[in-house]
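# Structure assessment
In case you want the letters, here they are:
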Amino acid sequence: MSIWWSLHLRRDAASVPLARRLLLGTMETAGVDPDISYDLSVALSEACANAVEHGGGTARGGVSEAFRVTAYLDGEKCRIEVTDAGPGFPAASGSRPRPPVRPAPSDAEHGRGLGLIRELADHVHIGNKPGRGGAVVSFDKILKWREDAPLVAV
């Protein structure tokens, strides 16, 4: 079984629950375990919220730039990728690798999103789009299925 979809969304807070609901609906229909679906939906919400907040300025005419969400349910794994048109992540300098994401203080209102994504997903890649501005956050998780799952991989 393989399902994939891609959304081109406005950098607007209303886009975050739209992407989350589409992911949850897809996973429920396919028969993915609700705990796995929930973890991935929270990670997706964090990645989308980052794209909305940091994903670029306002384009000509006062219209916000967009970001893209792509989800693949393929076999036993789900991969999600969120890309934006913002400045991206700070580049590593020289031979020094990019510093790890530091945990935010527990009372902070911002700064916990990438750490949450890392905790909820099995594999996470955070980087910049090659050649053009923008960030790419992709993550995947091994799927578990409900007993009555209609679309279990065979």
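Before reading on, note that the structure itself is shown above.
The following refers to the structure shown.

Definitions and cut-offs
Residues numbered from 1 in each chain as written. Predicted model: local features only at pLDDT ≥ 70, side-chain atom pairs only at ≥ 80, totals over all residues. Heavy atoms only, no water. Helix = DSSP H or I, 4+ residues; strand = E, 2+ residues; numbered from the N terminus. Buried < 20%, exposed > 50% of the residue type's maximum accessible area, 1.4 Å probe, protein only. Contact = heavy atoms within 4.5 Å. Areas by Shrake-Rupley, 256 points an atom, 1.4 Å probe, with all protein chains shown as cover. Expected span 1.5 Å × (residues − 1). Axes fitted to C-alpha atoms, helices over the stretch in contact; angles between N-to-C directions. Parallel < 35°, antiparallel > 145°, perpendicular 65-115°, else oblique. Left-handed = near helix turned anticlockwise from the far one by under 90°. Nonpolar A, V, L, I, M, F, W, Y, C, P; charged D, E, K, R; others polar. Polar contact = N/O pair within 3.5 Å; in protein donor to acceptor, adjacent residues only side chain to side chain.

## Examining the overall build of the protein
- When you go through the protein residue by residue, the secondary structure sums to three helices and five strands.
- Reading the secondary structure of the protein in the N-to-C direction produces β-α-α-β-β-α-β-β.
- For the protein, with 154 residues in total, the buried portion stands at 38%.
- Summarising the internal contacts of the protein: among those between residues at least 6 apart in sequence, 66% fall at separations of at least 24.
- Surface summary for the protein: the accessible area is close to 9,100 Å², and the carbon and sulfur share equals 53%.

## What about helix H2 (residues 34-54)?
- With 21 residues, H2 should reach 30 Å at 1.5 Å per residue; the first-to-last C-alpha distance of 30 Å fits that figure.
- Buried within H2 are the following residues: Ile36, Ser37, Leu40, Ser41, Val42, Ala43, Leu44, Ser45, Ala47, Cys48, Ala51 and Val52.
- On its buried side, H2 packs onto helix H1 (15-30), strand E2 (66-74), strand E3 (77-83), helix H3 (113-120) and strand E5 (135-142).
- Looking at the residues trailing H2, positive phi occurs at Gly56, about 135°.

## Observations regarding the packing of H2 against H3
- Running from N to C, H2 and H3 point in directions that differ by 155°, and their axes come no closer than 9 Å. Taken together, the axis directions place H2 and H3 in an arrangement best described as roughly antiparallel. At the point where H2 passes H3, the crossing takes the left-handed sense. Here Asp39, Val42, Ala43, Glu46, Ala47 and Asn50 of H2 lie close against H3, whose contacting residues are Gly113, Leu114, Leu116, Ile117 and Leu120.
- In the contact of H2 with H3, the residues fall into seven nonpolar, two polar and two charged.

## Details of the side chain of Ser45
- Within the secondary structure, Ser45 sits in helix H2.
- Reaching out from Ser45, the side chain makes a polar contact with the side chain of Arg20 at a distance of 3.2 Å.
- Sequence-distant contacts of Ser45, defined by excluding residues within four places in its chain, comprise Val16 and Arg20.

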